[in-house]
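# Working through the structure, step by step
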Amino acid sequence: MMDKAARRNAREFGRRAEEQTAAWLETRGYRILERNYRTRVSEADIVALSGGTLAFIEVKARSGSAYGLPCEAVTPRKQAKVAHAAQSWLYAHDMLDAPVRFDVIEVYPGRIRHIRNAFEAPAAA
Amino acid sequence: MFARVTSYGLDGVEPFEVSVEVSYTGGIPSFDLVGLPDAAVKESKERVRSALANSGLRPSPGRVTVNLAPASVKKYGSVYDLPIALAMLVGSGQLEAGAVAGMVFVGELALDGSLRQAPGALSGALFARETGASALILPRDNAREVSCVDRVPLLAAASLREVVDHLAGRSRIEPLKPVPYESLRERASSDYDLKHVRGQYEAKRVLEIMAAGGHNLLMVGPPGSGKTMLARCLPGILPDMSFEEALEVTRIHSAAGELRAGSAMLTERPFRAPHHSASAASLVGGGRDASPGEITFAHHGVLFLDELPEYAPHALDTLRQPLEDGFVSVTRAHARKVYPSRVMLAAAMNPCKCGYYGEEGGRCKCAPGDVKRYQNRISGPLLNRIDLRVRVGAVKVEDLSSAAPAAESSARVRMRVQAARERQRRRYAGSGIFTNAQLDSSMIGRLCPMSAEADDLLLAAAARFNMTPRPYFRIVRVARTIADLAGEDLIGEEHVAEAVRYRAPDEDR
């Protein structure tokens, strides 16, 4: 297990990757509406608006390839959390019928990969 | 946006319309499939998504709801993949709604977008014709199966891409050219031919009567006497199936997924020989979805039960009603289906446990009580439904010698059978029955005129053997068939005399 210092380091690393990503998105015409939106049980890293579609973006950063692809870390459980956060955000902003998308952005040292429509909400039932 | 594509489902073998509806809305992207799908239908989401992507088609993401209407009827299988994929393309504006209107679609998708065989395609083709659809689009693997259906355009495609290009007008799939049923009717030469069966003249004669009149048959004889071999020769002497019969038989096998990919309509009468460990449900139908049993797969053909006393008595008794009525109603908690079951039953058994009771030379080692017990395993009511009973003795050595006359071929026997069937068809036109085996007592008086000598002989036999009405009518039915084979309208003395030979051994006592 990571000790306290390492965990603080990891959090710092992730936060920097999110900042980098947000800036990158803005250069591509995305309007960042919210960063680190949290409910009691879920969170979304970035909420952005692009061409009339709301994108809920999960940012995953890796400094190396030792733990597999970053996008593989977005497990069904994590997807459900982002979907839950999205639902709650849409409700709070009274935008339940707006077109929505879930993206994953992978951040590598010196490179960013954007996966649009990376996943959808798990089917009801 | 909303889209609707027409497909069909099967209730047993009967098709009913299924509307595949797709609705795209805003909100959180998801894919929901509703309308009582079974597991295979539910998984269609993954196949459709992958098939679309690998066909270079990308329906816009969004909140997708797929509904299979009527929502209250359970949908089975993977055949809705193609209509779902097309409805998604229409719903996301990549295909005109007008392009799919009026057509019926069916087919399973492979992950690469190619189309796989759909069970029940023949029922679907008839459905498309009856409902006046402008076309049925189906997988290429089903093309030969539906090739005899005319008066409706049938379009066979190999892949989703082909279907989409056709609907978008970028390329064209030519409708299948209807093939006349007669052209399919060439008989595969069977390994089982009566010309290979030496001796056993009486048994062969009885097989001919059975085939000609549609009677049920019981063969009793020691092991190795050729009962099984004789039964296997039956398909070769049965009359050709009419187009209507072939339609029914093929639909049953197709709906149950028993047709090989690329198989044409079935032209040979089915011959089903379930092992004696068969359960009641596998013989008459059952299971969670009330699927058809062996007696339905043998519809218009032969159900052969070898080693009859080895079957579970309960399983045998469930055959009684379907044998009598020609249909079987299979009811389960969640399904109720009616299947046709007009079969000829051929059964074979040993006369006793060791198999040699009644043979010359006293080879039988069974105690008299054991023989009785063995024979009693077949219930009376089932035996009552068997018109023909014959003892198949051990083959005589002199019949095996090369000097013995060559046996008659199945093809020649079939010609006589066919002629006898034709006489019956003419006689029973409009009466609702087709064969002598279906005659009931009220019809016998009207339709089976008998010479005075024949009548006298029958009455004498009835008195001599203490006959009740049931065996009496059985003898008349068989005599009617024997007369038909002889080309006589009037049942004569010799026909009755022969028929009396084939009555039940247990009724002698």
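Residues numbered from 1 in each chain as written. Chains lettered and ligands numbered in written order. Predicted model: local features only at pLDDT ≥ 70, side-chain atom pairs only at ≥ 80, totals over all residues.

So, about helix α6 (residues 160-167) of chain B. Residues and elements named next belong to chain B. For α6, the tally of buried residues reaches 6 of 8 residues, placing the bulk of the element in the interior. Within the span of α6, buried status applies to Leu 160, Arg 161, Glu 162, Val 163, Val 164 and Leu 167. Phi turns positive, to about 80°, at Gly 169, one or two residues after α6. (Buried ≥ 20, exposed ≤ 12 C-beta atoms within 10 Å, placed from the backbone. Helix = DSSP H or I, 4+ residues; strand = E, 2+ residues; numbered from the N terminus.)

What follows covers the sheet that holds strand β5 (residues 111-115) of chain A. All names here are of chain A. The 5 strands are arranged β1-β2-β3-β4-β5 in an open sheet whose pairing can be described as mixed. Each having just a single partner strand, β1 (31-38) and β5 make up the two edges of the open sheet. Ignoring strand direction, the axes of neighbouring strands in this sheet form an average angle of 25°. Relative to strand β3 (residues 53-61), strand β2 (residues 43-50) is paired through 5 bridges, and the arrangement is antiparallel. Bridging from a neighbouring strand, Ala 48 pairs with Ala 55 of β3. Relative to β3, helix α1 (residues 4-27) is tilted by about 140°, and along the sheet it contacts β1, β2, β3, β4 (100-108) and β5. Across the face of the sheet, helix α2 (residues 76-92) comes into contact with β1, β2, β3 and β4 while running at roughly 60° to β2. (Pairing = 2+ DSSP bridges. Axes fitted to C-alpha atoms, helices over the stretch in contact; angles between N-to-C directions. Contact = placed C-beta atoms within 7 Å.)

This part is about the pairing of strand β10 (residues 217-220) of chain B. Residues and elements named next belong to chain B. Judged by which residues are buried, β10 turns out to be covered on both faces: Leu 217 and Met 219 on one side and Leu 218 and Val 220 on the other are all buried. Judged from the 4 bridges that link them, β10 and strand β17 (residues 344-349) form a sheet pairing that is parallel. In the strand pairing of β17, Val 220 is matched with Met 349. As paired strands, β10 and strand β18 (residues 388-391) are joined by 4 bridges and run parallel to one another. Residue pairing for β18: Met 219 is matched across the bridge by Val 390.

What follows covers the interface of chain B and chain A. In many analyses, interface size is given as the accessible surface area lost on bringing the parts together. If you look at the interface, chain B gives 10 residues, while chain A gives 15 residues. Tallying contributions element by element places strand β3 (residues 30-34) of chain B first for the side of chain B that touches chain A, with 3 residues. Tallied by class, the residues present in the side of chain B that touches chain A amount to 4 nonpolar, 5 polar and 1 charged. (Nonpolar A, V, L, I, M, F, W, Y, C, P; charged D, E, K, R; others polar.)

Let us now look at the domain arrangement of chain B. When the domains of chain B are assigned, the result is domain 1 (2-167) and domain 2 (186-239 + 270-404). If you average the C-alpha positions of domain 1 of chain B and of domain 2 of chain B, the two centres end up 43 Å apart. (Domains from an automatic or database assignment.)

A few words now on the sheet that holds strand β14 (residues 302-305) of chain B. Residues and elements named next belong to chain B. With respect to topology, 5 strands assemble into an open sheet ordered β11-β14-β17-β10-β18, the strand pairing being parallel. Taken across any chain shown, the strands that pair with only one partner, and hence form the sheet edges, are β11 (271-272) and β18. The sheet strands contacting helix α7 (residues 201-213) are β10, β17 and β18, and the helix crosses β18 at an angle near 165°.

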